[in-house]
Amino acid sequence: QVQLQESGPGLVKPSQTLSLTCTVSGGSITTSYYAWSWIRQPPGKGLEWMGVIAYDGSTYYSPSLKSRTSISRDTSKNQFSLQLSSVTPEDTAVYYCARSLSGYYSGSYYYTWYAYWGQGTQVTVSS
């Protein structure tokens, strides 16, 4: 069974960088053809895909967050991480890591699905 667990500070001050780590067990983050995403859900709102790191280390980001989002990985620890810079209170959300199959492009859209999720971790941006 693949398991994912988010970890990191639950409180971040405005203008600082939010940093989270997802630890994966039961499967390798380098296994073809899986991809590893960060997804968040602000209070009272829907899920928002933030970005992904694929099994080969390639990264892709949501256009709305690309300028301040970075996803990296540590294959020796079977972990991948999220850094979101210049945070504001609008970045307050439950943050999830999740595994998907490598998807495909169709026109201007990318299609994929998520089989495994972490439990989520609450991050509050406040001074």
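That block above? That's the structure.
Fair warning: this is a prediction, and the values are worked out from it, not measured in the lab. (Residues numbered from 1 in each chain as written. Predicted model: local features only at pLDDT ≥ 70, side-chain atom pairs only at ≥ 80, totals over all residues. Heavy atoms only, no water.)

**Quick word on a nonpolar patch on the surface**
Nonpolar side chains collect at one region of the surface, where Leu101, Tyr104, Tyr109, Tyr111 and Trp113 lie side by side and expose about 560 Å² of accessible area between them. The residue tryptophan 113 is located in the loop between strand 11 (109-111) and strand 12 (114-117) in this model. Taking the relative accessible area as the measure of exposure, tryptophan 113 reaches 47% and is therefore partly exposed. (Patch = residues over 30% accessible without salt bridge, like charges linked within 9 Å, V, L, I, M, F, W, Y side chains within 5 Å. Areas by Shrake-Rupley, 256 points an atom, 1.4 Å probe, with all protein chains shown as cover. Salt bridge = Lys/Arg side-chain N within 4 Å of Asp/Glu carboxyl O. Helix = DSSP H or I, 4+ residues; strand = E, 2+ residues; numbered from the N terminus. Buried < 20%, exposed > 50% of the residue type's maximum accessible area, 1.4 Å probe, protein only.)

**A few points about the side chain of threonine 69**
On the secondary structure map, threonine 69 appears in strand 7 (residues 69-74). Since its relative accessible area comes to 8%, threonine 69 is described here as buried. Those residues in contact with threonine 69 that lie beyond four places of it in its chain are Tyr61, Leu82, Gln83 and Leu84. (Contact = heavy atoms within 4.5 Å.)

**Thoughts on the pattern of salt bridges**
Considering all chains together, one arrives at 3 salt bridges under this definition. The closest approach of N and O atoms between glutamate 48 and arginine 40, which form a salt bridge, is 2.7 Å. Judged by its relative accessible area of 23%, glutamate 48 falls in the partly exposed class. By relative accessible area, which is 5% here, arginine 40 ends up buried. Of the charged contacts in the structure, one is a salt bridge between arginine 40 and aspartate 91, with a shortest N-O distance of 2.8 Å. You can see arginine 40 sitting in strand 4 (residues 34-41) and its partner aspartate 91 sitting in the loop between strand 8 (79-84) and strand 9 (93-101), a full 51 residues away along the chain. Here the two residues arginine 40 and aspartate 91 agree in accessibility, since each one is buried. One network of salt bridges, with partners in common, ties together Arg40, Glu48, Arg68 and Asp91.

**Brief notes about the packing of aromatic side chains**
Applying the stated criterion to the full structure yields 7 aromatic pairs. Look at tryptophan 36 and phenylalanine 80: their rings are 5.9 Å apart centre to centre, the planes differ by 55 degrees, and that puts the pair in the tilted class. Placement of the pair is tryptophan 36 in strand 4 and phenylalanine 80 in strand 8, with a sequence separation of 44 residues. When sorted by exposure, tryptophan 36 lands in the same class as phenylalanine 80, which is buried. Each residue in the set Trp36, Trp38 and Phe80 is aromatic and connected to the rest through ring pairs, giving one cluster. It is arginine 99 that lies over the ring of tyrosine 34; its NZ or CZ is 3.6 Å from the centre. (Phe/Tyr/Trp six-rings, centres within 6.5 Å; stacked < 30°, edge-to-face > 60°. Lys NZ or Arg CZ within 6 Å of the ring centre and 35° of its normal.)

**A short note on the state of the cysteines**
Taken as a whole, this structure holds 1 disulfide when the rule is applied. One disulfide bridge connects cysteine 22 with cysteine 97, the sulfur atoms lying 2.1 Å from each other. The disulfide joining cysteine 22 to cysteine 97 has a torsion of about 65 degrees about its S-S bond and is therefore right-handed. Of this pair, cysteine 22 sits in strand 3 (residues 18-25) while cysteine 97 sits in strand 9; the two residues are 75 residues apart in sequence, bridging distant segments of the chain. Accessibility assignment for this pair places cysteine 22 and cysteine 97 in one class, buried. (Disulfide = S-S within 2.5 Å.)

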